[in-house]
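Remarks on the overall topology
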Amino acid sequence: MKRILVIATGGTIASRSGRDGLVPEIPLEQLLNYVPQIREQCELEAVQIMNLDSTNMQPSDWLKIAETIRERYDSFDGFIVLHGTDTMAYTAAALSYLLQNSRKPIVLTGAQKPIDQDISDAKGNVIQSVLYACDDRASDVNFVFNGEVIAGTRGRKVRTKSFNAFSSVDFPHKAVIRENRVIHYIESRLSGELRTYDRLNEKVVVLRLIPGLHADILEYLGEHYDAVVIEGFGIGGIPNTEEMRFLPYITGLLDRGVTVVVTTQVPMEGSDLNVYEVGRLFKRDERLLEAYNMTLEAIVTKLMWILGQTRETAEIRQMFYQEINFDLYQ
């Protein structure tokens, strides 16, 4: 039997109703007692490393999860992280960069309803996560949610209440789970041994453009952050009229060594700065990075990982365009 480690971090799956709403309170052993059948599928061990509403999850917590897996990596065949859904996409992307090239599956799952409620998706998600973690072809960091297996850099929460909360953005599901069977579609592209990292730079900020926003906000952001992600309009357009002169301000950021990435605020199909003048004007500066079809969660966490390792412009560019766990799939 496979040896699987369950790592509990809190979230809705472990929540009970309190005076001010749902709060993660269900102890890990009690939670697992709701799905006794999983102990027949594997040799299971469990550890509770935090008990957070995932809204409160921080980069330091991602490092703690990664450290827990790294320290126990040789002792287990797979890992399941029980996590709240609100920031699960950020954690999955972060773990994809902190624990690269894992031939053992690292699965994130959770629920839209607590496991102790009569109508809940929690039990099914836990059971299916164990099925996937025990599968011989499973590897790398993935979501398992509502019968779907999504690459860790490709998932996004797109529904706030429904059980099919997550979608795989601009990339197919890696597998589906039907009638207790894992049906694989896409294999992970792994090379070499596990590579682990233990540093992140949190000084990354996202600026979502809106009509009327003045470019001088970039001056403030450049003084306080090491990377600025700009969510442009359409396929990445950025205003550059007399009233909204973003070009000189972005050039100023690049001149002072701030990493600038342009993406789109449109959910699907990615950016292409070469199509319109409002993109090409900015694309001319080779120091500017374009995110193409990366998710916002992957962009942010990848920058935190990269800037935790280097501040050299050439190295940042090379690492940003290095595909990891299907994050930049072309």
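Here, the structure is the one placed above.
Just so you know, these numbers come straight off a predicted model, no measurement behind them.

Turning our attention to the overall build of the protein chain. Along its length, the protein chain carries 9 helices and 18 strands. For 330 residues, the compact-globule estimate of 2.2 N^0.38 gives 20 Å, and the C-alpha radius of gyration of the protein chain, at 21 Å, lies within 12% of that figure. With the C-alpha coordinates aligned to their principal axes, the bounding extent of the protein chain is approximately 65 × 50 × 30 Å. Here the protein chain holds 330 residues, and the buried ones make up 55% of them. Total accessible area on the protein chain stands at roughly 14800 Å², and carbon and sulfur atoms take up 46% of it.

On the surface, a nonpolar cluster with roughly 280 Å² of combined accessible area is contributed by Val 275, Tyr 276 and Val 278. By the element assignment, Tyr 276 lies in the loop between β17 (259-264) and α7 (277-283). Given the relative accessible area of 53%, Tyr 276 is considered exposed.

Bringing the pattern of salt bridges into the picture now. All chains considered together, the criterion is met by 17 salt bridges. Between Lys 2 and Asp 136 there is a salt bridge, with the nearest N and O atoms lying 2.9 Å from each other. One end of the pair, Lys 2, is in the segment before β1 (3-10); the other, Asp 136, is in the loop between α4 (122-133) and β8 (141-145), and 134 residues separate them in sequence. Residue classification places Lys 2 among the partly exposed positions, given a relative accessible area of 24%. Residue Asp 136 is classed as exposed on the basis of its relative accessible area, which comes to 68%. Members of the salt-bridge network, linked through shared partners, are Arg 3, Glu 43 and Glu 45.

Two elements in contact, helix α3 (residues 88-98) and helix α8 (residues 296-309), have axes whose closest approach is 8 Å; the angle formed by their N-to-C orientations is 40 degrees. Judged by the angle between their axes, α3 and α8 are oblique. Considering how the two elements wind past one another, α3 and α8 form a crossing that is right-handed. Touching Ala 89, Tyr 90, Ala 93, Ala 94 and Tyr 97 of α3 are Leu 296, Glu 297, Ala 298, Val 300, Thr 301, Lys 302 and Trp 305, all from α8.

Time to look at the side chain of His 83. Here His 83 shows up in the loop between β5 (78-82) and α3. For His 83, the side chain forms a polar contact with the side chain of Thr 91, separated by 2.8 Å. Those residues within four positions of His 83 in sequence are excluded, and the remaining contacts are Thr 9, Gly 10, Gly 11, Ser 54, Met 57, Met 88, Thr 91, Leu 108, Thr 109 and Gly 110.

Turning next to the nonpolar core. Membership of the largest hydrophobic core comes to 53 residues, with the highest contact counts inside it found for Ile 69, Val 204, Val 261, Met 294, Ile 299, Leu 303 and Phe 320. When residues of this core are assigned to their parent elements, the largest contribution, 9 residues, is made by α8. If we skip the residues at most four places from it in the chain, Leu 303 touches Val 204, Ala 227, Val 229, Thr 259, Val 261 and Phe 320. If you look at the next biggest cluster of nonpolar residues, it comprises 32 residues, including Leu 31, Leu 32, Ala 133 and Ala 175.

Using the criterion set out here, one finds 9 aromatic pairs in the structure. Pairing Tyr 97 with Trp 305 gives two aromatic rings, centres 5.7 Å apart and planes at 10 degrees, and the pair type is stacked. Of this pair, Tyr 97 sits in helix α3 while Trp 305 sits in helix α8; the two residues are 208 residues apart in sequence, bridging distant segments of the chain. Its relative accessible area of 1% is what places Trp 305 among the buried residues.

Before going further, it helps to spend a moment on the environment of Asn 180. By secondary structure assignment, the location of Asn 180 is in the loop between β12 (175-178) and β13 (181-184). For Asn 180, a relative accessible area of 57% puts it in the exposed group. Taking the C-alpha atoms as reference points, Asn 180 and Gly 236, 56 residues apart in sequence, are found 42 Å from one another.

Quick look at α4 now. Counted at 1.5 Å a residue, the expected span for α4 with its 12 residues is 16 Å, and the 16 Å between its end C-alpha atoms agrees. Most of α4 sits out of view: 10 of its 12 residues are buried. Buried within α4 are the following residues: Ala 122, Asn 125, Val 126, Ile 127, Gln 128, Ser 129, Val 130, Leu 131, Tyr 132 and Ala 133.

Where α8 contacts helix α9 (residues 313-320), the two axes come as close as 10 Å, and the packing angle between them is 140 degrees. Taken together, the axes of α8 and α9 lie oblique to each other. By crossing handedness, the relation of α8 to α9 is classed as right-handed. Judged by residue contacts, Ile 299, Lys 302, Leu 303, Trp 305, Ile 306, Leu 307 and Gln 309 of α8 engage Ile 316, Met 319 and Phe 320 from α9. In the contact of α8 with α9, the residues fall into 8 nonpolar, 1 polar and 1 charged.

The rules behind these values
Residues numbered from 1 in each chain as written. Predicted model: local features only at pLDDT ≥ 70, side-chain atom pairs only at ≥ 80, totals over all residues. Heavy atoms only, no water. Helix = DSSP H or I, 4+ residues; strand = E, 2+ residues; numbered from the N terminus. Rg over C-alpha atoms; globule rule 2.2 N^0.38 Å. Buried < 20%, exposed > 50% of the residue type's maximum accessible area, 1.4 Å probe, protein only. Areas by Shrake-Rupley, 256 points an atom, 1.4 Å probe, with all protein chains shown as cover. Patch = residues over 30% accessible without salt bridge, like charges linked within 9 Å, V, L, I, M, F, W, Y side chains within 5 Å. Salt bridge = Lys/Arg side-chain N within 4 Å of Asp/Glu carboxyl O. Axes fitted to C-alpha atoms, helices over the stretch in contact; angles between N-to-C directions. Parallel < 35°, antiparallel > 145°, perpendicular 65-115°, else oblique. Left-handed = near helix turned anticlockwise from the far one by under 90°. Contact = heavy atoms within 4.5 Å. Polar contact = N/O pair within 3.5 Å; in protein donor to acceptor, adjacent residues only side chain to side chain. Core = buried A, V, L, I, M, F, W, Y, C linked by side-chain atoms within 4.5 Å. Phe/Tyr/Trp six-rings, centres within 6.5 Å; stacked < 30°, edge-to-face > 60°. Expected span 1.5 Å × (residues − 1). Nonpolar A, V, L, I, M, F, W, Y, C, P; charged D, E, K, R; others polar.

All we've got here are geometric facts, nothing functional implied.
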